[in-house]
Amino acid sequence: MFNNINYSDLLYLPEVSLSIFIFLILTFFTILEYYYKFDNLNKWCSIFSILIIIQILFFLINVFSKLKINGFFLDFQYQLTDFLIFFKIIILIITLICILFAIKYSFNEKIIRWEYYILILFSSLGNLLLISSIDLIGIYLGIEIQGLCFYILASFKTKNNFSTEAGVKYFIQGAVASGIFLLGSSIIYFATGTTNLNYITKIMIMNSNISSLNYLLILYLGILFITISLLMKLAIVPFHMWAPDVYEGVPTPITFIFAILPKIGFIIILIHLNNIISENYFNNLVLFICSILSIFIGLVSALYQTKLKRWVAFAGISHIGYIILAITIPNIISFDILFFYFIIYIIISISIFLIILVLRKYNTNKIKTIEEIILIIDSNKFIAISFALILFSIMGIPPLIGFFSKYFLFYLFINEKLYILSILLISLNVVSGLYYIRLIKKMFFKSKYNNIKGSLLKLNHTDSLFISLFLFLNIFISLYIEEVFYILVK
C-alpha cells in the first residue's frame with residue numbers, strides 16, 4: 001500500500017502533525033469555553049497564538065529534515081516530491097506570517113476569537129493536502145477543506161455588512177466551482193473508470209479504447225469542466241467579477257491569505273491536469289484566452305481603482321494571467337520559467353501585503369484608499385522607500401527581481417516564436433507601469449489640492465523585521481539572479 005516511503009516517515013509529514021495539533025487545540029478550547037466561559041479571553045488567545053507559531057516552526061523543521069523523501073503512497077493517492085515539499089514550506093511560512101499579523105489585527109478590530117486561528121490552520125491543512133493529491137477525490141477534499149474555512153473567514157466580522165457580503169459572494173462562487181469540478185470528475189470517471197491522475201495518463205497511453213474519438217471527446221470535456229472550476233477558484237477572467245468585492249470586504253490578513261495561499265494549490269493542480277494530455281489543444285485554447293483577457297482586463301481595471309485592496313485584486317488577476325499563459329506552453333523550459341515566475345510573484349505579493357497590513361492611522365483606522373498613501377512619506381520613510389522599490393520590481397524595472405521574472409517569461413514566448421504575443425505583452429507591461437507610477441507619485445509628490453490629513457502608527461519590531469526580510473529578498477535575488485534561478489529550477 002505504501003510505496004517508496006516508509007510508514008514511519010508519515011509521522012514527519014506536516015499534514016499529520018498539523019491535523020493532530022488542530023484536533024488537540026480544538027478539543028482543549030471547546031472544553032475550556034464550555035466550562036470556564038473564557039474569563040480572560042485576551043490572555044488565552046495570546047497563548048494560543050504562540051502555540052500555533054511554535055508548532056508551525058516545528059512543521060518547517062520536519063519538512064526540511066525530510067527534504068529527500070520522494071515517492072507515492074496511500075495506494076498512489078498521495079505524492080511527495082522536492083517540488084511539492086518546497087511549496088509546502090512556502091504555505092507554512094505564509095501561514096506563520098498571517099498568524100503573526102492576525103494577532104495584532106484581531107485586537108485592533110475587536111474580533112478576538114480562538115476559532116479565527118483554527119480556521120487559518122485548517123485552510124493551510126487543506127492546501128497542503130491539495131497540492132500532494134493526485135486523485136480527483138483527494139483534490140476535491142483538499143479544495144473543500146480550505147474552501148469551507150475561507151467562507152467563514154470571509155464573513156468573520158459579522159457586524160460588518162461588507163464582510164458578510166464578501167462571505168456570501170465567495171461562498172456562491174466557490175460552491176458553483178466545486179459543483180463544476182465534481183461534474184468534470186464524474187465525466188472523467190465515466191470515460192476512464194478511475195479518478196487517479198497517474199492512472200488516467202497510463203490509460204491514455206496504453207488503452208486503445210480511450211483512443212476512439214467518442215471517448216477522447218468525453219475525456220476532454222471532463223478536463224475542460226475541471227479547468228473551468230479551477231479558473232473560477234483563481235478568479236480569472238471572466239470569473240473575476242466578485243474577487244475585488246471579496247478582497248475589500250474581508251479582514252486584511254484574510255485578504256493576504258486569499259491572494260496567495262489558495263492560488264498555490266490551484267495552479268499546481270492545473271499543471272498536473274495539463275500534463276495528462278499535452279495535446280489537448282482545446283483546453284489550452286481556453287487557458288490561453290482566459291489568461292490574455294486576465295492580463296488585459298486586470299491592467300485596465302487597476303488603472304481606475306481608488307480603493308487599495310481592490311487595486312491589489314486587479315493587479316493580482318493580471319499577474320496570475322501571466323502564470324496561466326506559461327502553463328499553456330508544455331515543455332521543460334516553460335516549467336522552469338513558470339516555477340521561477342510563480343516564486344517571484346509570491347515574494348512580491350507577500351511584500352506588498354506586509355506593507356498594507358501595517359498601514360494604520362493613530363485613530364486605528366486602516367488605510368483604505370489610494371489617496372491616503374500620501375501619509376506614508378511623512379510618517380515612515382522606510383515604508384515609503386520599501387513600497388516604492390517593490391512597486392518598481394512589479395513594474396519590471398531592472399535590476400529588481402520583477403524585471404528578471406518578466407524577462408524570462410518574454411524569452412519563453414519569443415523562443416516559441418510567438419512574436420505578436422510577445423510584442424502585445426511587452427506593450428501591456430509598459431502600460432501597466434502607469435498605475436504603479438501613480439502610487440509612487442502620490443507617496444512622494446503631494447498635491448496641494450489633497451485634503452488627506454493624519455499620520456500613521458509607528459512600526460513595531462515584528463513589522464520591521466518581516467518588511468526588512470522581504471525587502472532584502474527582493475534585492476538579494478536580483479543581485480544573484482543566475483545562482484538563485486539555478487537553485488530553484490534544479
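Remember, predicted model here, so these are calculated numbers, not experimental data.

## Section: the packing of helix H15 (residues 381-395) against helix H18 (residues 461-479)
Here is step 1 of the chain: The contact between H15 and H18 brings their axes to 11 Å, and the two run at 35 degrees. In terms of crossing hand, the pair formed by H15 and H18 is left-handed. Here H15 contributes Phe382, Ser386, Leu389 and Ser393 to the contact with H18, which in turn contributes Ile467, Ser468, Leu471 and Asn474.
Here is step 2 of the chain: Partitioning the contact of H15 with H18 into residue classes produces 4 nonpolar, 4 polar and no charged.

## Let's talk about the packing of aromatic side chains
Here is step 1 of the chain: Scanning all chains against the criterion turns up 19 aromatic pairs.
Here is step 2 of the chain: Measuring from ring centre to ring centre gives 5.7 Å for Phe87 and Phe342, while their planes differ by 35 degrees; the resulting arrangement is tilted. Within this pair, whereas Phe87 is found in helix H3 (residues 82-108), its partner Phe342 is found in helix H13 (residues 332-358), the two being separated by 255 residues in sequence.
Here is step 3 of the chain: For Phe87, a relative accessible area of 1% gives the class buried.
Here is step 4 of the chain: Residue classification places Phe342 among the buried positions, given a relative accessible area of 3%.
Here is step 5 of the chain: Ring geometry for Phe150 against Phe258: centres 4.9 Å apart, planes inclined by 70 degrees, an arrangement best described as edge-to-face. One end of the pair, Phe150, is in helix H5 (residues 136-154); the other, Phe258, is in helix H10 (residues 252-276), and 108 residues separate them in sequence. Across the pair, exposure class does not vary: Phe150 and Phe258 are buried alike.
Here is step 6 of the chain: Each residue in the set Phe86, Phe87, Phe339, Phe342 and Tyr345 is aromatic and connected to the rest through ring pairs, giving one cluster.

## As for the nonpolar core
Here is step 1 of the chain: Ranked by size, the top nonpolar core spans 154 residues in total, and within it Phe87, Ile264, Trp311 and Ile346 carry the most contacts.
Here is step 2 of the chain: Those residues in contact with Ile346 that lie beyond four places of it in its chain are Phe87, Ile90, Ile94, Ile260 and Ile264.

So, how was this worked out
- Residues numbered from 1 in each chain as written.
- Predicted model: local features only at pLDDT ≥ 70, side-chain atom pairs only at ≥ 80, totals over all residues.
- Heavy atoms only, no water.
- Axes fitted to C-alpha atoms, helices over the stretch in contact; angles between N-to-C directions.
- Helix = DSSP H or I, 4+ residues; strand = E, 2+ residues; numbered from the N terminus.
- Left-handed = near helix turned anticlockwise from the far one by under 90°.
- Contact = heavy atoms within 4.5 Å.
- Nonpolar A, V, L, I, M, F, W, Y, C, P; charged D, E, K, R; others polar.
- Phe/Tyr/Trp six-rings, centres within 6.5 Å; stacked < 30°, edge-to-face > 60°.
- Buried < 20%, exposed > 50% of the residue type's maximum accessible area, 1.4 Å probe, protein only.
- Core = buried A, V, L, I, M, F, W, Y, C linked by side-chain atoms within 4.5 Å.

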